[in-house]
Structures are given as structure tokens and as C-alpha cells.
Amino acid sequence: TQQRMAQETQFNALAYFKRLAEENRLAAENGFKPCYCSGPDGIQGVMESFRKAENFIMVDDTTSQNTHSQGVGFFDRNVYTVFILGRYRYDDMKARDEKLKLCRRIFRQFISRMIHDKQTWRYGDSMAYLDLGQIFSKELPRYSMMGVTGLYFMVNNEEPVDLVYEEEEWRTE
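Residues numbered from 1 in each chain as written. Predicted model: local features only at pLDDT ≥ 70, side-chain atom pairs only at ≥ 80, totals over all residues. Heavy atoms only, no water.

1. With respect to the pairing of strand 2 (residues 55-60)
Working note: regular strand, side chains alternate between the two faces of the sheet. So the rule is basically this: Exposure is judged per residue with a 1.4 Å probe applied to protein chains only, and the accessible area is read against the type maximum: over 50% gives exposed, under 20% gives buried, and values in between give partly exposed. Secondary structure elements follow DSSP: runs of H or I no shorter than four residues count as helices, runs of E no shorter than two count as strands, and numbering proceeds from the N terminus.
Most of strand 2 sits out of view: six of its six residues are buried. Side chains Asn-55, Ile-57 and Val-59 of strand 2 all project onto a buried face; the interleaved residues Phe-56, Met-58 and Asp-60 project onto the opposite face, where all are buried too.

Written out as C-alpha cells, the structure is:
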């Protein structure tokens, strides 16, 4: 059925971004721990629970979604967020700058890998609707989290959704 086909080609963003974090050599060499968080409010809790890790690549397991029409059908726009964060000694601005540069390099490598994977159809149709033409990113302000720097980026994925009205789904009097 159409619904089963949609599920087979659906992009599994959580697994994909965690895999990128695990496979990136620069992240591994610098001890970045891949994990999940639940929104920006969940970052501190994740970092505290892994006291031995200094650096993190966190995939936000909560997704913002928008169902909309582009004139020829309906689509679900999912927004996925990934945080690339590094700890430094709070009063050491040189260490902060170095960590931020490292986070930026990993971010650029993630983008190049996503482009490569989409262009080579490495994951079949699942990345077909991933919008790599516009990737929003934002660096953490200097004193936003004591002793943590880095950035987060957001990627949109727009997949078609079947909104055909089915009479048997409704009770009628």
C-alpha cells in the first residue's frame, strides 16, 4: 500500500545523525560522545549524566513538524536539530576558541557527508526530501553555558503525507 511504501522510504533522522557522529573521525579522535537529548532544556542533564565525557554530539529526539500544501499535495516538514558541544575551562578563552573551531570543523564535515550521502543515494530514497539547500546553524553565545561552547544546526525534511479522507475512520449517525 501507499502507506507502507512511505514508511519504507521515510528518513530516520535520529539514527542517521547518530551514525554520522559515530563515524566521524575528527569527532572520535576528540572524544565526542554521540547521544540523544530532548530539546535545548535537556542538554545540561545529558552532559551531567556523562561526567567523564568532555565533548558531545547530541541529536534532539523531539521534532518540530508542520503539515502544509504545496498546491499538488500535502507534506510533513520535520525540523531536526543536532548540537555539537565541547567543554573548556570556564575562564580560558583560548581553550574556548579552540573548542569552537573544532565544533565548526565537525559541522562542516557533517554537511559535506550529508551532501555526499544524498547525491550518491547511499540510503536509497530515504534522503530524497532532505533539504540541504538551507541549513540553519547558530553558535552558542560566549557565556550561555558555563564552560561549554559549540553550535547547533537544523535541517528540514519534507516528506509527502497521505491525507485522503477515509469514510470508515469516522462514526456517522
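From this point on, the discussion continues.
2. Digging into the pattern of salt bridges
Basically, it comes down to this: Each reported salt bridge corresponds to a side-chain nitrogen of Lys or Arg within 4 Å of a carboxyl oxygen of Asp or Glu.
Summed over all chains, the structure comprises nine salt bridges. Ionic pairing is found between Glu-98 and Lys-101, a salt bridge with its closest N-O pair at 4.0 Å. Here Lys-101 and Glu-98 lie together in helix 5 (residues 93-119), a separation of three residues that amounts to about one turn. Accessibility expressed as a relative area gives 45% for Glu-98, which makes it partly exposed. One salt bridge connects Arg-113 with Asp-117, and the closest N-O pair in it is separated by 3.0 Å. Separated by four residues within a single helix, Arg-113 and Asp-117 lie in helix 5, roughly one turn from each other. Overall, Asp-117 belongs to the buried group, its relative accessible area being 0%. Residues joined by salt bridges that share partners form a network here, namely Glu-23, Arg-113 and Asp-117.

3. Observations regarding the packing of aromatic side chains
Here is the rule: For this analysis, a ring pair means two rings from Phe, Tyr or Trp (six-membered ring only for Trp) whose centres lie within 6.5 Å, classed as stacked if their planes differ by under 30 degrees, edge-to-face if by over 60, and tilted for the remaining angles.
A complete count under the given rule lists nine aromatic pairs for this structure. For the ring pair Tyr-16 and Phe-17, a centre distance of 5.4 Å and an interplane angle of 65° mean the geometry is edge-to-face. Arranged with centres 5.5 Å apart and planes meeting at 45°, the rings of Phe-83 and Tyr-152 form a pair that is tilted. Of this pair, Phe-83 sits in strand 4 (residues 74-87) while Tyr-152 is found in strand 6 (residues 148-161), placing the two residues 69 residues apart along the sequence. Tyr-152 carries the same exposure label as Phe-83, and that label is buried. Taken together through their ring pairs, the aromatic side chains of Phe-11, Tyr-16, Phe-17, Tyr-80, Phe-107, Phe-110 and Phe-153 make up a single cluster.

4. Here we look at helix 5
The following threshold applies: Each helix should span, by expectation, one fewer than its residue count multiplied by 1.5 Å. What qualifies as a polar contact is a pair of N or O atoms within 3.5 Å, subject to a donor-acceptor requirement within protein and to the restriction that residues adjacent in sequence count only when both atoms come from side chains.
The end-to-end C-alpha separation of helix 5 is 39 Å, in line with the 39 Å expected for 27 residues at 1.5 Å each. Among all positions in helix 5, only Arg-96, Lys-99, Leu-100, Leu-102, Cys-103, Ile-106, Phe-107, Phe-110, Ile-111, Arg-113, Met-114 and Asp-117 are buried. Where helix 5 starts, the residue carrying a side-chain oxygen 3.2 Å from the main-chain nitrogen of Lys-94 turns out to be Asp-92.

5. Topic: the packing of helix 2 (residues 13-23) against helix 5
Let me state the cut-off plainly: Lines fitted to the C-alpha atoms define the axes, with helices restricted to the stretch that makes contact. Angles between their N-to-C directions range from 0 to 180 degrees. When describing relative orientation, an angle under 35 degrees is termed roughly parallel and one over 145 degrees roughly antiparallel, while 65 to 115 degrees is termed roughly perpendicular and anything else oblique. Each crossing gets its handedness from the near helix: less than a right angle anticlockwise from the far helix is left-handed, clockwise is right-handed. We call two residues in contact when some of their heavy atoms are within 4.5 Å. For this classification, Asp, Glu, Lys and Arg are treated as charged, while Ala, Val, Leu, Ile, Met, Phe, Trp, Tyr, Cys and Pro are nonpolar and the rest, including Gly, are polar.
Across the interface, helix 2 lies against helix 5 with an axial gap of 11 Å and an inter-helix angle of 120°. Looking at the two axes, helix 2 sits oblique to helix 5. Considering the relative orientation of helix 2 and helix 5, their crossing is right-handed. Across from Tyr-16, Phe-17, Leu-20, Ala-21 and Glu-23 in helix 2, the residues of helix 5 making contact are Phe-110, Arg-113, Met-114 and Asp-117. Broken down by class, the residue content of the contact of helix 2 with helix 5 amounts to six nonpolar, no polar and three charged.

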